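Residue strings, one per chain:
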Protein chains: 2
Amino acid sequence: MADSNALEGLTQALRKLPGVGAKSAARMAFHLLQHDRPAALQIARALEHAVSSIQHCSLCNTLTEMDVCSTCANPQRDRSKLCVVETPADQAALERTLAYKGLYFVLMGKLSPLDGIGPNDIGLQKLFDRVVPKDGSGRPLPPESREVQEVILATNFTAEGEATAHVIAQALKSRGAQVTRLARGVPVGSELEYVDLGTIAHALVDRR
Amino acid sequence: MADSNALEGLTQALRKLPGVGAKSAARMAFHLLQHDRPAALQIARALEHAVSSIQHCSLCNTLTEMDVCSTCANPQRDRSKLCVVETPADQAALERTLAYKGLYFVLMGKLSPLDGIGPNDIGLQKLFDRVVPKDGSGRPLPPESREVQEVILATNFTAEGEATAHVIAQALKSRGAQVTRLARGVPVGSELEYVDLGTIAHALVDRR
Ligand SMILES: [Zn+2]
Ligand SMILES: [Zn+2]
């Protein structure tokens, strides 16, 4: 674009951002260098700081600067319930409801065979070890001795989220864990006339 | 979003990128930290390198790592012609035509009174000094002694680009410079039926 390897290198680097193509990357590089060099340095420092300080919570797998995140470390939470979500944003959405006081497990992804994302690429083994811990001799604790008494699957109601929930449910049920799924149904405040048929059908099946 | 000031700081910083809102910034931060930490560091280093090494060409004002960019330093270019463009991308588009062998002046913007961008925010004074240099006693050189014999205005054919061209043309003509404008007209290869009326009207006026 202009007369500079540094500019070309910056444009190439910015293309690694999700959703940013060649034109957007060139526009971003031009904007930062021409109009907002302080922002360029702010972004650079924020990236370096985040990469060096953010790890996964050893309990729930979310991104945190501590070994155990503040949710997992909160003594007020009900440790017998574990809600499985795909991302921190999904966890935040559930937290905003103020309707859940248990703990979380954040998969940081979903099963997606077409993209090559299998059980080892999301935190499934870490989840299984959390729900079904082993005793001193390496045997799974019996269900009544486990801290987690209920696993609530709150993956998204997309094809991939449903498949992920299905795999987790099968694996955990076979190990004697109690597994539930968020109810599918008609969104609060919506008129049936405008709700899609699949949602109504599920709401009928899941009626209570 | 998650349990981290560093993540929040990164998300805020990424929002400084043009066209990136809160949701995009959060998605970018999550993607980099979860899936591509090498890219995060690559972007950080490219930003720092670009900010420290890229300046404006002392002759044409474009972004470059040298004092004088490679185009301005090229002895093959016709130094009597100066083509004024808004951005390096516009210059690159003209270069791709292989139809122009003169030099450029890159405004790095356009006049935009509504956004508070006036003559001092783009390189207008630098352009005027380039086209109408002063002699040893501070008087403008007479037209026949100037290096630049023709200024070709190639700002965009938008309202702001036209206004910018108008302001430059007035200022330079009053100083005795020869100023031309890229022809407006029907795009090559297009059918009149599908060309907008304003373009056809201009093509009629500018017929040759
Ligand atoms: Zn945690
Ligand atoms: Zn130059």
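Residue positions are given per chain, counting from 1 as you read along its sequence in written order. Going through the entries in the order they are written, you letter the chains from A and number the ligands from 1. With the structure being a predicted model, the display of local features is reserved for residues of pLDDT at least 70 and the display and counting of side-chain atom pairs for 80 or more, all residues being used for whole-chain, interface and lining totals. With hydrogens and water excluded, all non-hydrogen atoms of the structure serve as input to the side-chain values.

- An unreviewed UniProt entry lists chain A under the name Recombination protein RecR, from Polaromonas aquatica.
- UniProt positions are given in the numbering used here, feature names are shortened, and annotations may be inferred rather than shown by experiment. For the record of chain A, the UniProt heading Function (unreviewed entry) holds the text "May play a role in DNA repair. It seems to be involved in an RecBC-independent recombinational process of DNA repair. It may act with RecF and RecO."
- In its Sequence similarities (unreviewed entry) section, UniProt records this for chain A: "Belongs to the RecR family."

Digging into the interface of chain B and chain A
Reasoning step 1: In what follows, a contact means two residues having at least one pair of non-hydrogen atoms within 4.5 Å. Facing 53 residues of chain B, the contacting portion of chain A comprises 54 residues.
Reasoning step 2: A simple way to read buried area is as the amount of 1.4 Å-probe accessible surface that goes missing from two parts once joined, with both sides added. Summing the contributions of chain B and of chain A, the shared interface buries around 4,800 Å²; its carbon and sulfur component is 69%.
Reasoning step 3: The secondary structure listing takes helices from DSSP runs of H or I that are at least 4 residues long and strands from runs of E that are at least 2 residues long, numbered from the N terminus. Here the element with the most residues in the side of chain B that touches chain A is helix α3 (residues 37-53) of chain B; it accounts for 14 residues.

Quick look at the packing of helix α2 (residues 22-35) of chain B against α3(B)
Residue and element names in this part refer to chain B.
Reasoning step 1: Interhelical geometry of α2 versus α3 gives an angle of 115° and a closest axis separation of 5 Å. Residue-level contacts link Leu 32, Leu 33 and His 35 of α2 to Arg 37, Ala 39, Ala 40 and Ile 43 of α3.
Reasoning step 2: For the contact of α2 with α3, the class distribution of residues is five nonpolar, one polar and one charged. Axis angles are defined between N-to-C directions and span 0 to 180 degrees, where every axis is a line fitted to C-alpha atoms and, for a helix, only to the segment in contact. Nonpolar residues are Ala, Val, Leu, Ile, Met, Phe, Trp, Tyr, Cys and Pro. Charged residues are Asp, Glu, Lys and Arg, and all others, Gly as well, are polar.

Observations concerning the relation of the copies chain B and chain A
Reasoning step 1: The copies were overlaid by least squares, fitting only the C-alpha atoms of residues that reach a pLDDT of 70 or more in each copy. Once chain B has been moved 0.0 Å along the axis and rotated by 180°, it coincides with chain A to within an RMSD of 0.0 Å. Put plainly, the chains are arranged around a two-fold axis. The C-alpha atom lying nearest the rotation axis in chain B is that of B:Ala44; the distance is 2.0 Å.

A few points about the coordination of the zinc ion (ligand 1)
All names here are of chain A.
Reasoning step 1: Each metal's donors comprise the N, O and S atoms found within 2.8 Å of it (within 3.2 Å for Na, K or Ca). Water is not part of the atom list, so some coordination spheres may appear incomplete. Donor atoms from the polypeptide that coordinate the zinc ion (ligand 1) comprise Cys 57 (SG), Cys 60 (SG), Cys 69 (SG) and Cys 72 (SG), at 2.3 to 2.4 Å from the metal.
Reasoning step 2: Tetrahedral means four donors with every angle between 85 and 135 degrees, whereas square planar (four donors) and octahedral (six donors) require angles over 155 degrees between opposite donors and between 65 and 115 for all others; sites fitting neither are termed irregular. For the zinc ion (ligand 1), the four donor atoms in the first shell make angles of 105 to 118° at the metal, so the coordination geometry reads as tetrahedral.
Reasoning step 3: Spacing between the donor residues of the zinc ion (ligand 1) along their common chain follows C-x2-C-x8-C-x2-C.
Reasoning step 4: Taking the relative accessible area as the measure of exposure, Cys 57 reaches 0% and is therefore buried. Throughout this description, buried means an accessible area under 20% of the type-specific maximum (1.4 Å probe, protein chains only), exposed means over 50%, and partly exposed covers the range between.

What about the sheet that holds strand β6 (residues 179-181) of chain B?
Residue and element names in this part refer to chain B.
Reasoning step 1: Should DSSP find at least two bridges between two strands, the strands are taken to pair. Read from one edge of the open sheet, four strands run β4-β3-β5-β6, paired in parallel fashion. The sheet is open, and its two edges are formed by β4 (102-106) and β6, each paired on a single side. The sheet shows a mean angle of 30° between the axes of neighbouring strands, taken without regard to direction.
Reasoning step 2: Strand direction decides the pairing type here: strand β3 (residues 78-85) and β4, joined by five bridges, are parallel. Each residue of the ladder has a partner; that of Asp 78, found in β4, is Gly 102.
Reasoning step 3: Where helix α7 (residues 159-174) meets the sheet, its contacts fall on β3, β5 (150-153) and β6, and the angle it forms with β6 comes to roughly 160°.

Considering the pairing of strand β4 (residues 102-106) of chain A
Reasoning step 1: Counting buried residues along β4(A), five of its five residues qualify, which places the element largely inside the surrounding structure.
Reasoning step 2: Think of it like this: strands point away, you trace from the first strand over the helix to the second, and a clockwise trace means the crossover is right-handed. Handedness of the β-α-β unit built from strand β3 (residues 78-85) of chain A, helix α4 (residues 88-96) of chain A and β4(A) comes out right-handed.

So, the UniProt feature "zinc finger region: C4-type" (unreviewed entry) in chain A
Reasoning step 1: The feature "zinc finger region: C4-type" (unreviewed entry), as annotated in UniProt, sits at residues 57-72 of chain A in this numbering.
Reasoning step 2: Across residues 57-72 of chain A, the secondary structure splits into 0% helix and 12% strand, with the terminal C-alpha atoms separated by 8 Å.

Notes on the coordination of the zinc ion (ligand 2)
Residue and element names in this part refer to chain B.
Reasoning step 1: Protein coordination at the zinc ion (ligand 2) comes from Cys 57 (SG), Cys 60 (SG), Cys 69 (SG) and Cys 72 (SG), with a distance range of 2.3 to 2.4 Å.
Reasoning step 2: Geometry at the zinc ion (ligand 2) is tetrahedral, judged from its four donor atoms and the angles of 105 to 118° they form at the metal.
Reasoning step 3: For the zinc ion (ligand 2), the donor residues sit on a single chain with the sequence spacing C-x2-C-x8-C-x2-C. One end of the pair, Cys 57, is in the loop between β1 (55-56) and β2 (63-64); the other, Cys 72, is in helix α4 (residues 70-73), and 15 residues separate them in sequence. Judged on exposure class, the residue Cys 57 and its partner Cys 72 are both buried.

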